[in-house]
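# Chains, contacts and geometry: an overview
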Amino acid sequence: MKEKGIHDTNLLAAIGKVPRHLFYFDSTFAEKAYEDIAFQIGDGQTISHPYTVALQSQLLDVKKGEKILEIGTGSGYQTAVLLELGAKVFSVERQKNLYDKTKLLFSEMGYDPRLFYGDGYKGLPNYAPFDKIIVTCGAPEVPAALLSQLKTAGVLVIPLGQKEQVMTTFVKTGENQFHKEEFGEFRFVPMLQDRARGI
Ligand code: SAH
């Protein structure tokens, strides 16, 4: 991680505290948990590449006590890293079965994020505004609701694009003003519209 440019020591310590193998749901894959690779966690979804989680977390520049909205709970691994950084995390997942599995895992592990089964395109208007927002699926465009739910000086970190995504940050500099920066290409599962039906 350090060699790849992750220099935030708090972040490296937080990553060191999260037992990544527990987020794999299937213990036969646990031996792969500490390799720098992405991995299928079922339902066609992946647990993000550890470097991707580290970079997104570094770009968010998390401070203790900040209120963070995450879109795409998935395995919950990214959520756990944000919690270890001292953030209050509100995380939205559109797949009911993943939402259920991850909720159970967090209660077993003693982590306490606020989890929601919903459509991340809408954000969480009832809990807005947020200090920071992180999207962990590939968004074809910037959801307007997310920009409006950001505090002034807040940061949105979002992979933007269809097949491949460019990691992009938007810092809210005024009521409707944003400063945009880009940080290289990545591949995420797509950000889809609406909640999927539960099974
Ligand atoms: N942060 C996760 C990444 C999981 S992959 C981790 O660390 O494991 C991205 C997740 O985004 C998938 O679980 C997918 O179901 C979810 N997703 C896709 N579109 C969404 C939407 N509109 N709202 C909420 N979640 C969404």
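A brief structural summary.

## Brief notes about the site of the ligand
For the ligand, the set of nearby residues contains 27 residues, the closest of which are Gly-72, Ser-75, Glu-93, Gly-120 and Leu-192. One nitrogen or oxygen atom from the side chain of Ser-75 is found 2.6 Å from an oxygen atom belonging to the ligand. For the shell around the ligand, the secondary-structure elements that each account for two or more residues are strand E2 (45-47), strand E3 (67-71), helix H3 (77-84) and strand E4 (88-93). Considered class by class, the residues forming the shell around the ligand number eleven nonpolar, twelve polar and four charged.

## Re the sheet that holds E4
Here seven strands make up an open sheet; going across it, the order is E5-E4-E3-E6-E7-E8-E9 and the pairing mixed. This sheet does not close on itself; its edge strands, each paired only once, are strand E5 (114-117) and strand E9 (177-186). Ignoring strand direction, the axes of neighbouring strands in this sheet form an average angle of 15°. With five bridges joining them, E3 and E4 adopt parallel strand pairing. By the bridge assignment, Glu-70 is partnered in E4 with Ser-91. Against the sheet, H3 makes contact with E3, E4 and strand E6 (130-135), and its axis sits at roughly 170° relative to E4, the strand it touches most. Running over the sheet, helix H4 (residues 96-109) touches E4 and E5 and is turned about 165° from E5.

## Topic: helix H1 (residues 9-17)
Think of an α-helix as turning once every 3.6 residues; residues three or four places apart then point the same way. Within H1, burial applies to Leu-11, Ala-14 and Ile-15. Projected down its long axis, H1 carries its buried residues within an arc of 100°, all on one side. Projecting away from the buried face of H1 at angles above 90 degrees are the exposed residues Thr-9, Asn-10, Gly-16 and Lys-17. Tucked inside the fold, the buried residues of H1 contact helix H2 (50-60) and H3. The residue sitting at the N-terminus of H1 and contributing the capping side-chain oxygen is Asp-8; that oxygen lies 3.0 Å from the backbone nitrogen of Asn-10.

## So, the pattern of salt bridges
Following the criterion strictly, the structure yields seven salt bridges and no others. With a shortest N-O distance of 3.8 Å, Glu-182 and Lys-180 are connected by a salt bridge. Given a relative accessible area of 45%, Lys-180 falls into the partly exposed group.

## Describing the packing of H1 against H3
Each packed pair of helices is defined by two parameters, the angle between the axes and the distance between the axes. It is at 8 Å that the axes of H1 and H3 come closest, and there the two elements cross at 125°. Classified by the interaxial angle, the pair formed by H1 and H3 is oblique. When you trace H1 past H3, the crossing you get is right-handed. Facing Leu-11, Ala-14, Ile-15 and Lys-17 of H1, the residues of H3 in contact are Tyr-77, Val-81 and Glu-84. Considering only residue class, the contact of H1 with H3 consists of five nonpolar, no polar and two charged.

Thresholds applied
- Residues numbered from 1 in each chain as written.
- Predicted model: local features only at pLDDT ≥ 70, side-chain atom pairs only at ≥ 80, totals over all residues.
- Heavy atoms only, no water.
- Near = heavy atom within 4 Å.
- Polar contact = N/O pair within 3.5 Å; in protein donor to acceptor, adjacent residues only side chain to side chain.
- Helix = DSSP H or I, 4+ residues; strand = E, 2+ residues; numbered from the N terminus.
- Nonpolar A, V, L, I, M, F, W, Y, C, P; charged D, E, K, R; others polar.
- Pairing = 2+ DSSP bridges.
- Axes fitted to C-alpha atoms, helices over the stretch in contact; angles between N-to-C directions.
- Contact = heavy atoms within 4.5 Å.
- Buried < 20%, exposed > 50% of the residue type's maximum accessible area, 1.4 Å probe, protein only.
- Arc of directions from axis to C-beta.
- Salt bridge = Lys/Arg side-chain N within 4 Å of Asp/Glu carboxyl O.
- Parallel < 35°, antiparallel > 145°, perpendicular 65-115°, else oblique.
- Left-handed = near helix turned anticlockwise from the far one by under 90°.

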